[in-house]
Amino acid sequence: MSIKGKIALVTGAGQGIGRAITLRLARDGADIALADLNDDLMKGVADEVRALGRKATVIKTDVTDRDAVYAAVDQAETDLGGFDIMVNNAGIAQVKALDEVMPEDMVDIYRVNVDGVLWGIQAAARKFRARKQTGKIINAASIAGHDGFEMLGVYSSTKFAVRGLTQAAAKEYAAHGITVNAYCPGIVGTDMWVEIDQRFADITGAAVGETFKKYVDGIALGRAQTPEDVAAFVSFLAGPDSDYMTGQAPLIDGGLVYR
Ligand code: NAD
């Protein structure tokens, strides 16, 4: 219960890894502001948070909209009575050979995966400073932020960018007692991987499920990652045991990419 009574905002909280992070931080004792494009999904997760005995507020947010992200942070503070932890989790995938990438393919994915993380960093840091308190900012990177993956080149580049922002933000905000770290999951069984696997099937002719299996077969611990595996590490990044850590983007992937 090391973060008991803290207030956390999680983007992309409606499903997958964001849902698992939301429920884990609630189990750890935090109250949660959920921010996502999808209201219905968030309402279901918010009910699960309340069933754990914690407060939840649902804030429909598009992370590509800087004003909306700032407003979400304000609303989290108003509705829940404080603001301590920002998890910039929302992200989207893209499967495309580099040869095929057109200018328009660069827009949406960068707006969500990179701009959205930057707006979240800015808005949270500004709020922590206005409240004259310390805070934790936690960003979604990936194994694809450490290795460039074939057919996932643009996606990989966005996750390398998240690591760059994480390092720079850690340096800029350290004097204010704000830490900034990232988490780098591997092959997690969420809707994102259903989409990636289907796109590989469409493009390469692989059978549905084959690409997911190929990657999972390369994991030393011998199984796909669960959203809860990721959430356990985010719990550490959100809590006091990571107080002396900043600017880092550790891999949590069951043994797939080694650094
Ligand atoms: P997911 O597709 O299952 O869920 C993503 C959530 O983000 C959805 O609820 C969606 O509505 C929301 N979202 C998308 N665009 C948004 C926007 N503009 N504004 C607000 N919310 C938005 O994905 P996931 O697998 O849970 O991935 C979560 C994060 O973890 C992403 O940043 C992803 O890149 C990263 N990641 C995932 C994996 C994996 O294997 N699934 C591996 C490494 C990193």
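Small disclaimer: the values here were computed from a predicted structure and weren't measured.

Student: Explain the sheet that holds strand β1 (residues 7–11) here, please?
Tutor: Sheet strands associate in pairs through backbone hydrogen bonding, adopting either a parallel or an antiparallel arrangement. Within the open sheet, the seven strands sit side by side as β3-β2-β1-β4-β5-β6-β7. Their pairing is parallel. Because the sheet does not close on itself, it has two edges, and the strands there are β3 (56–60) and β7 (251–252). Pairing geometry for β1 and strand β2 (residues 31–36), over five bridges, is parallel. Residue Leu9 lies in a different strand from β2, and its bridge partner there is Ala33. The sheet contacts of helix α5 (residues 153–173) involve β5 (135–140) and β6 (178–185), and relative to β6 the element is tilted by about 160 degrees. Against the sheet, helix α8 (residues 227–238) makes contact with β4 (85–88), β5, β6 and β7, and its axis sits at roughly 165 degrees relative to β6, the strand it touches most.

Student: What is the right way to look at helix α7 (residues 210–217) in this model?
Tutor: The periodicity of an α-helix, 3.6 residues per turn, causes residues three or four positions apart to be oriented the same way. Of all the residues in α7, the buried ones are Thr211, Tyr215 and Val216. Across the axial projection of α7, the buried residues extend over an arc of 135 degrees, all falling on one side. Summarising the geometry of α7, the exposed residues directed more than 90 degrees from the buried face are Lys213, Lys214 and Asp217.

Student: How do you make sense of the nonpolar core when you look at a structure like this?
Tutor: Soluble globular proteins: nonpolar side chains tend toward being buried together. The biggest cluster of nonpolar side chains holds 34 residues, and the ones touching the most others in it are Leu9, Phe83, Met86, Ile137, Tyr173, Ile178 and Val180. Counting only elements with at least two residues in this core, the list comes to β1, β2, α3 (66–80), α4 (107–130), α5 and β6. Apart from residues no more than four positions distant in its own chain, Tyr173 is found in contact with Ile121, Gln122, Ala125, Arg129, Ile178 and Val180. Judged by nonpolar contacts, the second largest core, of 31 residues, contains Ala8, Leu34, Ala46 and Val49.

Student: Honestly, the packing of helix α6 (residues 191–204) against α7 in this entry has me stumped. Any pointers?
Tutor: The relative placement of two packed helices comes down to the angle between their axes together with the axis-to-axis distance. Remark: α6 packs on α7, axes separated minimally by 7 Å, with the N-to-C direction vectors making an angle of 115 degrees. Here α6 lies roughly perpendicular to α7, going by the angle between them. Contacts from Trp193, Asp197 and Phe200 in α6 reach Glu210, Thr211, Phe212 and Tyr215 in α7. Its residues assigned to classes, the contact of α6 with α7 comprises four nonpolar, one polar and two charged.

Student: Whenever I open this one, the site of the ligand confuses me. Can you help?
Tutor: Taken together, 27 residues lie near the ligand, and Ile17, Asp36, Asn89, Tyr155 and Thr190 sit nearest. Between the ligand and the protein, one listed contact pairs an oxygen atom with a backbone N or O atom of Asn89 at 2.8 Å. Separating an oxygen atom of the ligand from a side-chain N or O atom of Tyr155 is a distance of 2.6 Å. Computed on the free molecule, the ligand has an accessible area of 840 Å², of which 93% lies beneath the protein chains in the complex. Residue assignment for the shell around the ligand shows that the elements contributing at least two residues are α1 (16–27), α5 and α6. Counting residues per element, the shell around the ligand draws most heavily on α6, which supplies three residues. Considering only residue class, the shell around the ligand consists of 14 nonpolar, nine polar and four charged.

Student: Got a minute to help me understand the packing of aromatic side chains in this structure?
Tutor: All told, the structure shown has five aromatic pairs when counted by the stated rule. When the centroid spacing of 5.9 Å and the interplanar angle of 50 degrees are considered together, the rings of Phe149 and Tyr215 count as tilted. Linking Phe149 in the loop between β5 and α5 with Tyr215 in helix α7, this pair joins segments that are 66 residues apart in sequence. Note on accessibility: Phe149 and Tyr215 belong to one class, buried. Clustering of aromatic rings is evident, with ring pairs tying together Phe149, Trp193, Phe212 and Tyr215. Positioned over the ring face of Tyr215 is Lys214, at 5.2 Å from the centre of the ring.

Student: Is there a simple way to explain the environment of Gly148 in this structure?
Tutor: Tracing the backbone shows Gly148 in the loop between β5 and α5. Remark: the alpha-carbon pair of Gly148 and Arg19, spanning 129 residues in sequence, is separated by 27 Å. The residues contacting Gly148, other than those within four sequence positions of it, are Ser156 and Phe160.

Student: Please clarify how the environment of Gly14 should be interpreted in this entry.
Tutor: Within the secondary structure layout, Gly14 lies in the loop between β1 and α1. In this structure, the C-alpha to C-alpha distance between Gly14 and Arg131, residues 117 residues apart in sequence, is 28 Å. Setting aside anything within four residues of it in sequence, one finds Gly14 in contact with Arg19, Asp36, Leu41, Met42 and Val45.

What counts and how
- Residues numbered from 1 in each chain as written.
- Predicted model: local features only at pLDDT ≥ 70, side-chain atom pairs only at ≥ 80, totals over all residues.
- Heavy atoms only, no water.
- Pairing = 2+ DSSP bridges.
- Helix = DSSP H or I, 4+ residues; strand = E, 2+ residues; numbered from the N terminus.
- Contact = heavy atoms within 4.5 Å.
- Axes fitted to C-alpha atoms, helices over the stretch in contact; angles between N-to-C directions.
- Buried < 20%, exposed > 50% of the residue type's maximum accessible area, 1.4 Å probe, protein only.
- Arc of directions from axis to C-beta.
- Core = buried A, V, L, I, M, F, W, Y, C linked by side-chain atoms within 4.5 Å.
- Parallel < 35°, antiparallel > 145°, perpendicular 65-115°, else oblique.
- Nonpolar A, V, L, I, M, F, W, Y, C, P; charged D, E, K, R; others polar.
- Near = heavy atom within 4 Å.
- Polar contact = N/O pair within 3.5 Å; in protein donor to acceptor, adjacent residues only side chain to side chain.
- Areas by Shrake-Rupley, 256 points an atom, 1.4 Å probe, with all protein chains shown as cover.
- Phe/Tyr/Trp six-rings, centres within 6.5 Å; stacked < 30°, edge-to-face > 60°.
- Lys NZ or Arg CZ within 6 Å of the ring centre and 35° of its normal.

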